[in-house]
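A structural walkthrough
For reference, the chains in residue letters:
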Amino acid sequence: MRDLMALTERAEVISLAGGLPDTASFPPATYASVMDRIALEACARALQYGPTEGMSAMADCIIDVMAGEGMHVTGDDLLVTTGGQQVIDLVCKTLIDPGDVIVAEGPTYPGAVPTFSSYQADVVQIPMDADGMRVDELEETLDRLEREGRRPKFIYTIPTFQNPGGVTMSLPRRERIVRIAHERELLVLEDNPYGMLRYEGEALPPLYALDGGEFVIYLGTFSKILSPGIRLGWAAAPQPVLQKMNIGKAAADLCSSSMTQLFVANYFASVDWRRYVESLRDIYRHRRDAMFDALAEHFPREAQWTRPEGGMFIWATLPDYIDTTDLLARALRENVAFVPGRAAYLDGRGGSSMRLNFSGVSEHDIREGIRRIGAVIAEQVAL
Ligand code: PMP
């Protein structure tokens, strides 16, 4: 699969495989003026190491972003990280010994799969439906694990616009997961890169807001609201976990980039960051709708796909005699790519599903890409 994914990077390929934000829409003049100001006013600091927990000016930006989703924190609750990805790594580094159980959604974020594997975690995946993780199945699984004497180290969930599933956990399920965490004294890692990218419907409170910062470790990132190239994310976590993560981060990379932290701080001070997010929502809403239309036109009638109200991904499932890893090899010959569903499972499931990204390509390429995938599927169906 890694070899196939490497091929998706070729310039002639329409890649619906990535999870790329539309950085081309960021105004170059804003970039230039922010960088100019850093050069003239904070050059030495930008080129210097900073504190492991992150610069205090960054904490103010994070507090602002979290407040936008109804969460209230102070700088002491936060650890600035090198992308949200590092939060997943640090939580595993802090909590996981080989063989320990992590409970996650099935499918789960493909980028977390190698992280969990590298810490030799035993990942138990709970199915989802249109309301997110099946919490009844979660409770049954937790009971079974308890009978086996295996206590999960944490539950990993992406409740809003799940990657790759595109579904959002309902409010009753959110409340129930938080209740389960309290009753069983279980930690939850809530991964929320997409919460601000809502194109329709009412916002729901993050688990972190419902929990009050007791059992939920929150992962946030600037990647999807500003830029993934700055590589900045954060964790908000209960103190005992946060302190261990801080030690783990110092061991990993000492601190995140001072230069890009100053970029965020200066950007937040000089422009209304919400307006840029608003412009992204506008672009992605149109791209999502273009993908919905193209799927309806070009995918077979037996295919099913999710209808995300936000985020960046649609999860499509084909008849089960079609293997999407084989299909990707064929699709690449037609210069189009997607993520085969197996990448989102640790146990070989997901073989007839695929993740389709709509944020990183133009509406024209979305239509053409889906047309090509549809044609390759039609060949398979005819075989
Ligand atoms: N979690 C999820 C669910 C993601 O989709 C991503 C980005 N694709 C990340 C974490 C990590 O992103 P970053 O390191 O750029 O913040």
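Residues numbered from 1 in each chain as written. Predicted model: local features only at pLDDT ≥ 70, side-chain atom pairs only at ≥ 80, totals over all residues.

The name an unreviewed UniProt entry assigns to the chain is PLP-dependent aminotransferase family protein, from the organism Conexibacter stalactiti. In its Cofactor (unreviewed entry) section, the UniProt record describing the chain reads: "pyridoxal 5'-phosphate". (UniProt positions renumbered as here; feature names shortened; annotations may be inferred.)

Attention now moves to helix H8 (residues 171-184). Taking 1.5 Å of rise per residue, 14 residues should cover 20 Å, and H8 covers 20 Å from first to last C-alpha, within 8% of that figure. Arg173, Arg174, Ile177, Val178 and Ala181 are the residues of H8 that are buried. Down the axis of H8, the sector holding all buried residues measures 135 degrees, keeping them to one side. For H8, the exposed residues lying more than 90 degrees away from the buried face are Pro172 and Glu183. On its buried side, H8 packs onto strand E5 (132-133), helix H7 (135-147), strand E7 (187-191), helix H9 (207-211) and strand E8 (216-221). Immediately downstream of H8, the backbone of Glu185 shows phi near 50 degrees, a positive value. (Helix = DSSP H or I, 4+ residues; strand = E, 2+ residues; numbered from the N terminus. Expected span 1.5 Å × (residues − 1). Buried ≥ 20, exposed ≤ 12 C-beta atoms within 10 Å, placed from the backbone. Arc of directions from axis to C-beta. Contact = placed C-beta atoms within 7 Å.)

Once that is clear, we can look at the packing of H7 against H8. At a closest axis distance of 10 Å, the pairing of H7 and H8 adopts a crossing angle of 15 degrees. The pairing of H7 with H8 is recorded here as roughly parallel in orientation. Remark: the crossing between H7 and H8 carries right-handed chirality. Of H8, the residues touching H7 (which contributes Val135, Leu138, Glu139 and Leu142) are Arg173, Arg176, Ile177, Ile180 and Arg184. Looking at the contact of H7 with H8, its residues break down into 5 nonpolar, no polar and 4 charged. (Axes fitted to C-alpha atoms, helices over the stretch in contact; angles between N-to-C directions. Parallel < 35°, antiparallel > 145°, perpendicular 65-115°, else oblique. Left-handed = near helix turned anticlockwise from the far one by under 90°. Nonpolar A, V, L, I, M, F, W, Y, C, P; charged D, E, K, R; others polar.)

So, about the sheet that holds strand E13 (residues 339-340). In space, the 4 strands of this open sheet follow the order E10-E11-E14-E13, with antiparallel pairing throughout. The open sheet has two edge strands with one neighbour each: strand E10 (304-305) and E13. Direction of pairing for E13 relative to strand E14 (residues 353-357): antiparallel, over a ladder of 2 bridges. When the bridges of E14 are listed, Val339 appears paired with Arg355. (Pairing = 2+ DSSP bridges.)

Mapped onto this numbering, the UniProt entry annotates "domain: Aminotransferase class I/classII large" (unreviewed entry) at residues 13-373. Helix makes up 43% of residues 13-373 and strand 16%, whereas the separation of the span's terminal C-alpha atoms amounts to 12 Å.

Our next topic: the pairing of E8. Judged by how many residues are buried, E8 sits mostly within the fold: 6 of 6 residues are covered. Of the two faces of E8, both are covered, the one formed by Val216, Tyr218 and Gly220 as well as the one formed by Ile217, Leu219 and Thr221. As paired strands, E7 and E8 are joined by 4 bridges and run parallel to one another. Residue pairing for E8: Leu189 is matched across the bridge by Ile217. Relative to strand E9 (residues 233-236), E8 is paired through 4 bridges, and the arrangement is antiparallel. Across the sheet, residue Leu219 finds its bridge partner in E9, namely Ala235.

Another aspect to go through is the site of the ligand. The ligand sits among 14 residues. The nearest are Gly83, Gly84, Gln85, Thr221 and Ser223. The greatest single-element share of the shell around the ligand, amounting to 3 residues, is contributed by helix H5 (residues 83-95). A breakdown of the residues in the shell around the ligand according to their chemical character gives 4 nonpolar, 9 polar and 1 charged. (Near = placed C-beta within 6 Å.)

Glancing now at unusual backbone geometry. Backbone torsion omega between Gly106 and Pro107 reads 5 degrees, so that peptide bond is classified as cis. With respect to the helices and strands, Pro107 occurs in the loop between strand E3 (101-106) and helix H6 (113-118). For the peptide bond that leads from Asn163 to Pro164, omega is 15 degrees, which places it in the cis range. If you trace the backbone, Pro164 turns up in the loop between strand E6 (154-157) and H8.

A pair of packed helices is characterised by two quantities: the angle between their axes and the separation of those axes. Where helix H12 (residues 273-298) meets helix H14 (residues 363-382), the axes come as close as 9 Å, and the angle between the chain directions of the two elements is 25 degrees. The angle between H12 and H14 places the two elements in the roughly parallel class. Both H12 and H14 take part in a crossing whose hand is right-handed. Residue-level contacts link His286, Arg287, Ala290, Met291, Ala294, Leu295 and His298 of H12 to Glu363, Ile366, Arg367, Ile370, Arg371 and Gly374 of H14. Classifying every residue of the contact of H12 with H14 gives 6 nonpolar, 3 polar and 4 charged.

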